[in-house]
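Chain by chain, the residues:
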Amino acid sequence: MALEIERRFLVRKDVRHLCRDGVRIVQGYLPSDGISTVRVRIADDRATLTIKSLKQGACREETEHPLSLDFARRLLLYGCEGRVIDKTRYRHCQDGLCWEIDVFHGENTGLIIAEVELEDPDQTVPLPDWIGAEVTTLRAYGNSSLSRAPIQRWSSPAAA
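This is a predicted model, so every value here is computed, not measured. (Residues numbered from 1 in each chain as written. Predicted model: local features only at pLDDT ≥ 70, side-chain atom pairs only at ≥ 80, totals over all residues. Heavy atoms only, no water.)

**Considering unusual backbone geometry**
Stated precisely, the cut-off is as follows: The numbering of helices and of strands both runs from the N terminus, where a helix is a DSSP run of H or I of at least 4 residues and a strand a run of E of at least 2.
If you check the backbone angles, Asp 21 has positive phi at about 55 degrees while not being a glycine. Mapped onto the secondary structure, Asp 21 falls in the loop between strand E1 (2-11) and strand E2 (23-30).

**Regarding the side chain of Thr 136**
Using the following cut-off: For every residue, the accessible area obtained with a 1.4 Å probe (protein chains only) is divided by the maximum for its type, and the residue is called buried under 20%, exposed over 50%, and partly exposed between those limits. In protein, a polar contact means a hydrogen-donor-capable atom and an acceptor-capable atom, both N or O and within 3.5 Å, with residues adjacent in sequence counting only if both atoms are side-chain atoms; elsewhere, any N or O pair within 3.5 Å suffices. Two residues form a contact once any of their heavy atoms are found within 4.5 Å.
Here Thr 136 lies in the loop between strand E9 (131-134) and helix H2 (143-148). On the basis of relative accessible area, Thr 136 is assigned to the buried category, the value being 6%. Polar contacts involving the side chain of Thr 136 include one to the main-chain amide nitrogen of Arg 8, which spans 2.8 Å. If we skip the residues at most four places from it in the chain, Thr 136 touches Glu 6, Arg 7, Arg 8, Lys 55, Gly 57 and Ala 58.

**Here's the deal with the pattern of salt bridges**
For clarity, the cut-off: Salt bridges are defined as contacts in which a side-chain nitrogen from Lys or Arg sits within 4 Å of a carboxyl oxygen from Asp or Glu.
Within the structure shown, the criterion is met by 18 salt bridges. Linking Arg 16 and Asp 14 is a salt bridge whose minimum nitrogen-to-oxygen distance equals 2.7 Å. Looking at Arg 16, the relative accessible area reads 62%, which means it is exposed. A relative accessible area of 45% places Asp 14 in the partly exposed class. For Arg 89, the salt bridge identified is with Glu 115, shortest N-O distance 3.7 Å. With a gap of 26 residues between them, Arg 89 in strand E6 (residues 84-94) and Glu 115 in strand E8 (residues 112-117) connect regions that are remote in the sequence. Per residue, the accessibility class of Arg 89 equals that of Glu 115, and both read buried.

**Considering the packing of aromatic side chains**
We count it as follows: Two rings belonging to Phe, Tyr or Trp (six-membered ring only in the last case) form a pair when the distance between their centres is within 6.5 Å. Interplanar angles under 30 degrees mark stacking, angles over 60 mark edge-to-face geometry, and anything in between is tilted.
Counted by the stated rule, this structure contains three aromatic pairs. In this structure an aromatic cluster arises from ring pairing among Phe 9, Trp 99 and Trp 130.

**What about the nonpolar core?**
Note the cut-off: To qualify as a nonpolar core, a set must consist of buried Ala, Val, Leu, Ile, Met, Phe, Trp, Tyr and Cys residues joined through side-chain atoms within 4.5 Å.
In terms of nonpolar packing, the biggest core is built from 18 residues, with Val 15, Trp 99, Ile 101, Ala 114 and Trp 130 touching the most fellow members. Where this core is concerned, the elements lending two or more residues are E1, strand E7 (97-104) and E8. Residues Val 40, Ala 47, Leu 75 and Cys 80 belong to the second largest nonpolar core, which totals eleven residues.

**Considering the environment of Gly 57**
Within the secondary structure layout, Gly 57 lies in the loop between strand E4 (46-53) and strand E5 (59-67). For Gly 57, a relative accessible area of 39% gives the class partly exposed. Residues Gly 57 and Arg 148, spaced 91 residues apart in sequence, show a C-alpha to C-alpha distance of 22 Å. Ignoring any residue separated from it by four or fewer positions in sequence, one finds Gly 57 in contact with Thr 136 and Thr 137.

Listed below in structure tokens is the structure:
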């Protein structure tokens, strides 16, 4: 397994001018033991199965395996029990970092999260002016949680 180090933030300003050539992503989550997360993702014409360990701060172990598109579609339909999210991902490089800006659709419409992968958990991250509150350690903003409890079902943002 590889170590994934990422920080996640809400986007607080209009970033449409940064969002070019996005990739539509549909991903679902298989039932798990609570120790790991198992994700099925289709991004354009590529499908993967990803296993992630529990997060410790901004870090967790991750391994990814390719799947056939047909098998991935079947897993999303029959294995994820409705725990599916739909988003468009845009990449924007700034200050030597590559940000991934996720614009969510469906029951998570209105939510925009930017994440940045790092080399080291203590790496300094110059924050662009469009970055808002950090949500790295807030489970409610994790994709797996958003698949089970989308923001349109939240009683208020503070409830998260």
